Protein chains: 2
Amino acid sequence: MNLQLDRLSPTPLVQQLTDQLQAWIEHQRLRPGARLPSIRALARTHQVSPSCVIEAYDRLVASGWLEARHGTGFFVAERKPGLEAADAEHWGEALVGSWRQFREGHDELLKLGCGWLPNAWRAAEELAQAIRQVSRGNPADLFDYSPPLGLSSLRQQLHKRLARLDIAAGAERILTTQGASHGLDLLVRTLLRSGDTVLVENPGYYNLYNLLRAHQVRMLPVPRTVHGPDLQALEKLLAEHRPRCLFINSLYHNPTGTSLTPKAAYRLLELARERDVRIIEDDIYADFQEGPATRLATLDSEQRVIYLGSFSKTLSSSLRVGYLVADEDLIARLAELKMVSGIGNSRFAEQVVAQMLANGSYRKSVQRLRVRLGQHMAKLLGQLEGYGWQVFCEPYGGMFVWARVPGRDFASLERLALEHAVLLTPGSAFDVQGAASDWLRINVAYGQDQRAQAFLQHAGRPSAA
Amino acid sequence: MNLQLDRLSPTPLVQQLTDQLQAWIEHQRLRPGARLPSIRALARTHQVSPSCVIEAYDRLVASGWLEARHGTGFFVAERKPGLEAADAEHWGEALVGSWRQFREGHDELLKLGCGWLPNAWRAAEELAQAIRQVSRGNPADLFDYSPPLGLSSLRQQLHKRLARLDIAAGAERILTTQGASHGLDLLVRTLLRSGDTVLVENPGYYNLYNLLRAHQVRMLPVPRTVHGPDLQALEKLLAEHRPRCLFINSLYHNPTGTSLTPKAAYRLLELARERDVRIIEDDIYADFQEGPATRLATLDSEQRVIYLGSFSKTLSSSLRVGYLVADEDLIARLAELKMVSGIGNSRFAEQVVAQMLANGSYRKSVQRLRVRLGQHMAKLLGQLEGYGWQVFCEPYGGMFVWARVPGRDFASLERLALEHAVLLTPGSAFDVQGAASDWLRINVAYGQDQRAQAFLQHAGRPSAA
């Protein structure tokens, strides 16, 4: 195979590689089942990165030219794509980077590194029923804009829910958003200017980094420990810089699965008060915890904490419903921006969520999720230990385990994962600077799939071996 | 009645007035049906603006304390609100200004000035059916994030639709948005910086003005004539300033109802080419026109025109589905921002719209709307002439008539409208500078309601009288 890659062309290398591989498969009239060069071999012979080859193979799998077989590599597909498949590819996504997992019909690879639950775990019947009920109810829910703060029926339910978490928030302090990311965007646009400095946890949520970067906000990383943010580092950063706010995941932190301890929470609030820093607490995993947990918004007595929640992780990412809690003045400014920048949320989606909160079907479904996640978490932690993986902490709930195999870098893990048809998210994605990392975020809900098991076992270093 | 208004208090005057009126009604134990002072009288005795009184009365109507009776004024309600109603008010919205019409349950007043169709005109059965079908279909539509560019099934339908408008746009040039306002926000954030100068039509869409103002973009107004933007003024502004782009409604312009003529469109594109200015064409009323219309995106041969569409006006404002068409590079940047700032659209809503486009129910429903709007437009134009109103132009379709009664200012029109339980949008809202205007945007769909008829007739100056 002799591919001509033009490094000066405006066409990205990945696309050149994909196009030429496809042409090569066509022209060589390769028989179905023929094996393609390994990722490493192709990367070496054409002086491109392995991830460039992975992406190209991946696109050819998506468009039907190749097949990935568990643990053995990439092969010419049994049935080459006809016009219909080519057309489908044309209409599909061809995105690189962190949005790769958002592609439609990308189910050839197991999303072991992804940040959401499998659809099979979700409350399909209950959600579909709520949707049908709303479709037969008030026509306003089918047609009207939602009011600026969000539908009052939903905000009433959110108020009750927050009260159960011991967060005192009246209606005037609750604003619905299109998921927590939208809430973060509204906050960043309202509170921060280009050049401002903020504190973020490291490792942390990559889309928050992307957002802050897009706003040209300077991020100072605070290392995340098993107890919460590293308080010594935090104190030093607060003294040396004048950050405007701190972004934090208190419970079941993404990606480490750690939770804030009461002691750390108390000290954190003390420091924030001393330096007059606002805290933005992203609590989208709240419902994965039954009963009390340590939350800054619960402890806060001076409206210093802005609190974000979402139904994307526990109910549906498709509905785009989340919310935030802040002081009344800020809520008014955020509501104005929400309307100016998109005339608000989907009233239909808000009513569906309100209905499921009111009739108890949401509560029951997250109860089921908690039990299932707990079982999978316990099982996976045992297996990881047996396979020779090291975990950052043993989370007591939630979706994520942060783990590594000492001595194995990401490139080697990714190669192995692809051979087992497993898609990872690189640890570097969760680093503010994008620094290389051998840590992986493992989504426990996918951990018992045989592809995951094969990968985890092969990648590990059994101490008993 | 002696109300004590404190002009130095942090509580807005409107709120003080509302609270004290409510207390007064309670303490005086006024019998149901008792008439309140006229807006003008109360404004005069307490030295506040009539619109302040209107807002306070309006809030008391919303919370159940008062009733507005057609043409006669405000009265103490038959049944004063109990705890339940007070609670509902607490959960409702108390917003002033341009978002007033977005309040829930604000149906006491006829929204003659609003920018959407009555729910009774909408395709309730077809939409509910599509929703139920999608709820029974692919679970991914219930749960998954939508891909960055939007769901491919929807984008395929949009491609076909654009082809019928003679706009050549492949998939890679179509991005779904949460309505056109969200598309405008993505564009403004991506293309403009604080301090940039742009051209906007005047009068024009107030939420665009709000958006540009929020971004600290300088707006230069181009007067809207019956043929489209005033080309002489446009040429002069292009020569004297270096605007980055021009925002335009080609068809059924909001608020004037005028449409761009082919001659004006051709010259506009010539000028834009000469000065290398981008054009952002907001075409959300496209489907109110059967057959060909003059559109810049159709004529454009160099991807200078960015085109926006939406289903909010023709199908549902609740679903939040729109789209935009731009060159491929810009689409990639917009898609990135769309994901970073909210992880995309509702996949469920996109699939519902895709389904209605595919099965023809959308096409049939807008056909019905066009016929109905056409009949109402013709009837209203005849009536306005008879009642002594002056119209800016006689639109050949769409939702809006821009009209005035020579010699009558907005304050006098608003007082009269409120007496007939009609809610107007001030002409000043459509002016870049918010300058007073005696022109009104009249939504023809509400024009035959008896409240509208009574108001229009009383406000007019019949020449035959």
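Residues numbered from 1 in each chain as written. Chains lettered and ligands numbered in written order. Predicted model: local features only at pLDDT ≥ 70, side-chain atom pairs only at ≥ 80, totals over all residues. Heavy atoms only, no water.

Novice: How should the interface of chain B and chain A be read in this particular structure?
Specialist: By a widespread convention, an interface's size corresponds to the accessible area lost as its parts come together. At the interface, 67 residues of chain B touch 67 residues of chain A. The contact between chain B and chain A buries some 5900 Å² in all, and 60% of this surface belongs to carbon and sulfur atoms. Across the chain B-chain A interface, the total number found is 2 salt bridges. A salt bridge links D185(A) to R189(B); its shortest N-O distance comes to 2.8 Å. (Contact = heavy atoms within 4.5 Å. Buried area = accessible area lost by both parts, 1.4 Å probe. Salt bridge = Lys/Arg side-chain N within 4 Å of Asp/Glu carboxyl O.)

Novice: Mind showing me how you'd approach the nonpolar core here?
Specialist: Across soluble globular proteins, nonpolar side chains show a tendency to be buried alongside one another. Formed by 104 residues in total, the largest nonpolar core has its most connected members in L296(A), Y307(A), F311(A), L296(B), Y307(B) and F311(B). If we ignore the near neighbours within four places in the chain, the residues touching F311(B) are L158(B), R161(B), S316(B), V321(B), Y323(B), V353(B), L357(B) and Y362(B). (Core = buried A, V, L, I, M, F, W, Y, C linked by side-chain atoms within 4.5 Å. Buried < 20%, exposed > 50% of the residue type's maximum accessible area, 1.4 Å probe, protein only.)

Novice: For this particular structure, what's the right way to read the confidence of the model for chain A?
Specialist: For any part of a model where pLDDT is low, the fine detail of the predicted coordinates should not be relied upon. Here chain A shows a mean pLDDT of 90. Residues at 70 or above account for 92%. Counted against residues more than four places away or in other chains, residues 81–96 of chain A, with its pLDDT under 50, gives 28 contacts. (pLDDT = per-residue confidence, 0-100.)

Novice: What is the right way to read the packing of helix 15 (residues 361–387) of chain A against helix 17 (residues 450–459) of chain A from this model?
Specialist: Residue and element names in this part refer to chain A. Two numbers describe how helix 15 lies on helix 17: the axes approach to 8 Å, and their chain directions differ by 35 degrees. Viewed along their axes, helix 15 and helix 17 form a crossing whose handedness is right-handed. For the pair formed by helix 15 and helix 17, the contact residues are L380, Q383, L384 and Y387 on the first element and Q453, L456 and Q457 on the second. Each residue belonging to the contact of helix 15 with helix 17 can be placed in one class, and the counts come to 4 nonpolar, 3 polar and no charged. (Axes fitted to C-alpha atoms, helices over the stretch in contact; angles between N-to-C directions. Helix = DSSP H or I, 4+ residues; strand = E, 2+ residues; numbered from the N terminus. Left-handed = near helix turned anticlockwise from the far one by under 90°. Nonpolar A, V, L, I, M, F, W, Y, C, P; charged D, E, K, R; others polar.)

Novice: Sorry if this is basic, but what is going on with the sheet that holds strand 9 (residues 305–310) of chain B here?
Specialist: The strands making up a sheet are joined through hydrogen bonds of the backbone, oriented either antiparallel or parallel. Residues and elements named next belong to chain B. Strand order in the open sheet formed by 8 strands is 3-10-9-8-7-4-5-6, with mixed pairing between adjacent strands. With partners counted over all chains shown, the strands left at the sheet margins are strand 3 (174–177) and strand 6 (228–229), one partner each. Sheet topology note: the strand 3/strand 10 (residues 322–325) ladder contains 4 bridges and is antiparallel. Paired with T176 across the two strands is Y323, which belongs to strand 10. Strands in contact with helix 10 (residues 231–240) are strand 4 (197–202), strand 5 (218–225), strand 6 and strand 7 (245–248); relative to strand 5, the strand with the most contacts, it is inclined by about 160 degrees. (Pairing = 2+ DSSP bridges.)

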